[in-house]
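Survey of secondary and tertiary structure
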Amino acid sequence: MKDFSVILKSLWRSKASPLLLILQIALTFTIFVNAVYMVMQKHEKVTAPSGLNETQVFSLFINLQETGEARVAEFEQVLRDIKDLDSVENAIPVTSVPLSGYGRSADIGYGPADEDKLTSSGYYGSNYDSKDTLDLKLVAGQWFERSDVTHSFFGAKSGGKILVSKALAQTLHPDNWRDVLGKTLYVQGDPQQVIGVVDNLKAVWSFWRLFDHAVLSPVFEIKDKVGLMVRAKPGTLDKAMLDVKEALLMTPGRQIDKLKPFSQTREESYRADVAELQTLQLVLVGLLILTMLAIFGQARFAILKRRKQIGTRRALGANQLQILRYYLLENLIVTLTGVVIGMVCAVLVNTQLVSYFGLTPVPADYLLVGALAILLAGQCAVIQPAWQAARVSPALATRSV
């Protein structure tokens, strides 16, 4: 307590340098806490499971050369040829590939009019085998029957059946997402009966705010270019991709595009997010280092200025531990003051970020953990100068007068 009052008086006498350091710590804390929260959110996003079997699935697009109903028969024959391969477990048609960046969305509501729209969702058309091929997990309701599967030349047919992702069900019925079962949902203006909910199915755009919203229809589309997703048998992904490619190219005129494992599709989708995450991490490390250097420099400068004072205290009986404690306490007071001001600034900045960019508020525990991190970094930075002060000899200080 005696040191506390002495430190406050000392800081007040030479208040310019401590004040600048306090402001730097406050600014660092404000940026640090918000940046850490953004890093955690970004990390959660890029590591979140896609809901698919990412180690065994690959996708591709091919051209179809027939027209009309003959094109349907051509596509079904392609599916049979792929499924007959020894390295392939299953294969499905898809209107688009999750996370690929290529696909479409649909307006969702409980009525056909524009004013009935409640939200939007990614849309997929496929067939009965999509559950086993993609390893989707049904969490409520039932899966399609084989008799539900049909084809179209664009979009789902009115009066059909659909499954929705759990996130979409939660948006439509926040109190009880299971209430969506049995409801007639209008997908892009067409009525569809919801018969089931899958745990996790992503849309095609990882940057989309409704990324977790997805609708799955048992209607696959026959166009001149169609998508396929193939599940390889365990441990045979590379071989399956090669086998499928060779089998398809046996047909003259066949073209294959975007043949890639789903792990690559995922990596490409999150590439910008990963780069942003790494940049934020470097910024955080840089901020901490700069703050520690500032504290180190401030403490070292103060100690050099007070060598005579330190020597006098040592001559009056102060031991090394008391000198060390004094400078650690002084730094703790400065850092803590900066952290407290930084907490207020962090909350104000985060409020503006939430207001303008729709981000979620920074939880209180981030403020506490951030405060502990800055305080710990500050104490680590001042240990060496404080220890140097503690080793000042009373005799040496006297000779330097």
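As shown above, the structure is provided for reference.
Keep in mind that this is a model prediction, so the values were computed, not measured. (Residues numbered from 1 in each chain as written. Predicted model: local features only at pLDDT ≥ 70, side-chain atom pairs only at ≥ 80, totals over all residues. Heavy atoms only, no water.)

1. Here we look at the overall build of the chain
Along the backbone of the chain there are 12 helices and 13 strands. Radius of gyration (C-alpha) of the chain: 32 Å, far over the 21 Å computed for a compact globule of 401 residues. Counting only C-alpha atoms, the chain reaches 105 × 50 × 30 Å along its principal axes. Per-residue burial for the chain yields a buried fraction of 45% across its 401 residues. Sequence separation of at least 24 residues holds for 82% of the intrachain contacts in the chain that already meet a minimum separation of 6. Carbon and sulfur atoms provide 59% of the accessible area of the chain, an area that totals close to 20,300 Å². The centroid of the 42 positive side-chain charges in the chain is displaced by 20 Å from the centroid of its 37 negative side-chain charges. (Helix = DSSP H or I, 4+ residues; strand = E, 2+ residues; numbered from the N terminus. Rg over C-alpha atoms; globule rule 2.2 N^0.38 Å. Buried < 20%, exposed > 50% of the residue type's maximum accessible area, 1.4 Å probe, protein only. Contact = heavy atoms within 4.5 Å. Areas by Shrake-Rupley, 256 points an atom, 1.4 Å probe, with all protein chains shown as cover. Lys, Arg positive; Asp, Glu negative; His and termini not counted. Charge placed at Lys NZ, Arg CZ, Asp CG, Glu CD.)

2. Digging into empty space enclosed by the protein
Inspection of every chain in the model, using the stated rule, returns 2 cavities of 30 Å³ or more. For the largest cavity, the calculated volume is near 110 Å³. Forming the boundary of the largest cavity are 13 residues, of which Gln 298, Ala 299, Glu 330, Asn 331 and Val 334 lie nearest the centre. At the level of elements, helix H2 (16-47), helix H8 (271-305) and helix H10 (320-357) are the ones that each hand at least two residues to the lining of the largest cavity. Here the residues of the lining of the largest cavity sort into 9 nonpolar, 2 polar and 2 charged. The volume enclosed by the second largest cavity comes to roughly 70 Å³. If you list the elements that add at least two residues to the lining of the second largest cavity, you get strand E2 (88-94), strand E4 (117-125) and helix H4 (130-134). In the lining of the second largest cavity, the residues fall into 9 nonpolar, 4 polar and no charged. (1 Å grid on protein atoms, 1.4 Å probe; cavity = no way out; pocket = protein on both sides within 12 Å on 5 of 7 lines; lining within 4 Å. Points joined across faces, edges and corners; volume = space filled by probe spheres on them. Nonpolar A, V, L, I, M, F, W, Y, C, P; charged D, E, K, R; others polar.)

3. With respect to helix H7 (residues 262-269)
The complete set of buried residues in H7 reads Phe 262, Thr 265, Arg 266 and Ser 269. The buried side chains of H7 occupy one side of the element, clustering within an arc of 95 degrees when seen end-on. Packing partners of the buried residues in H7 comprise H2, strand E1 (57-63), strand E12 (225-232), strand E13 (256-261) and H8. (Arc of directions from axis to C-beta.)

4. Notes on the sheet that holds E1
Backbone-to-backbone hydrogen bonds join strands into a sheet, with any given pair of strands oriented parallel or antiparallel. Strand order in the open sheet formed by 4 strands is E2-E12-E1-E13, and the pairing between neighbours is antiparallel. Bordering the open sheet on either side are E2 and E13, each of which pairs with just one other strand. Going across the sheet, the axis of each strand differs from the next one's by a mean of 20 degrees, ignoring polarity. Here E1 runs beside E13; their pairing, made up of 4 bridges, is antiparallel. Among the inter-strand pairings, Ile 62 is bridged to a residue of E13, identified as Ile 256. Its contacts with the sheet put helix H6 (residues 237-248) on E1, E2, E12 and E13, and the angle it makes with E1 is roughly 15 degrees. Where H7 meets the sheet, its contacts fall on E1, E12 and E13, and the angle it forms with E13 comes to roughly 90 degrees. (Pairing = 2+ DSSP bridges. Axes fitted to C-alpha atoms, helices over the stretch in contact; angles between N-to-C directions.)

5. Re the pairing of E1
Consecutive side chains along a regular strand alternate between the two faces of the sheet. Across the 7 residues that make up E1, a large majority, 7, are buried. Burial along E1 is two-sided: Val 57, Ser 59, Phe 61 and Asn 63 facing one way and Phe 58, Leu 60 and Ile 62 facing the other are all buried. Note: E1 against E12, 7 bridges, orientation antiparallel. Looking across to E12, one finds that Phe 61 is bridged to Gly 227.

6. A look at the pattern of salt bridges
What the rule picks out here adds up to 18 salt bridges. The shortest N-O distance in the salt bridge between Lys 42 and Asp 273 comes to 3.3 Å. With Lys 42 in helix H2 and Asp 273 in helix H8, this residue pair connects regions lying 231 residues apart in the sequence. The pair Lys 42 / Asp 273 is uniform in exposure class, with both members buried. Here Lys 260 makes a salt bridge to Glu 268, at a shortest N to O gap of 2.9 Å. Each of the salt bridges in this network shares a partner with another, and the network as a whole consists of Lys 42, Lys 45, Asp 273 and Glu 276. (Salt bridge = Lys/Arg side-chain N within 4 Å of Asp/Glu carboxyl O.)

7. Quick look at the packing of aromatic side chains
A full pass over the atoms with the stated rule returns 6 aromatic pairs. Taking 5.0 Å as the distance between ring centres and 75 degrees as the angle between the ring planes, the aromatic pair formed by Tyr 326 and Tyr 327 counts as edge-to-face. Classification of Tyr 326 by relative accessible area gives buried; the value is 2%. In this structure, Lys 258 is placed above the aromatic ring of Phe 61, and the distance from its NZ or CZ to the ring centre is 5.9 Å. Sitting over the ring of Tyr 102, Lys 258 keeps its end group 5.1 Å from the ring centre. (Phe/Tyr/Trp six-rings, centres within 6.5 Å; stacked < 30°, edge-to-face > 60°. Lys NZ or Arg CZ within 6 Å of the ring centre and 35° of its normal.)

8. As for the environment of Leu 324
Within the secondary structure, Leu 324 is located in helix H10. Residue classification places Leu 324 among the buried residues on the basis of a relative accessible area of 19%. In this structure, Leu 324 is in contact with Ile 383, Ala 386, Trp 387 and Ala 390, ignoring residues within four places of it in sequence.

9. Focus: the layout of surface pockets
Picture a little ball the size of a water molecule; that probe, rolled over the atoms, points out where space is still empty. Of the voids in this model, the largest pocket is the one considered here, and its volume is about 1,200 Å³. Around the largest pocket, the lining is made up of 37 residues, and of these Lys 45, Ser 206, Phe 207, Trp 208 and Phe 211 lie nearest the centre. A total of 5 residues in the lining of the largest pocket trace back to one element, the largest contributor, which is H2. Partitioned by chemical class, the residues of the lining of the largest pocket number 16 nonpolar, 10 polar and 11 charged. Glu 76, Leu 79, Arg 80, Lys 83, Pro 93, Asn 127, Tyr 128, Asp 129, Arg 146, Val 149, Thr 150 and Phe 220 are the residues that line the second largest pocket.

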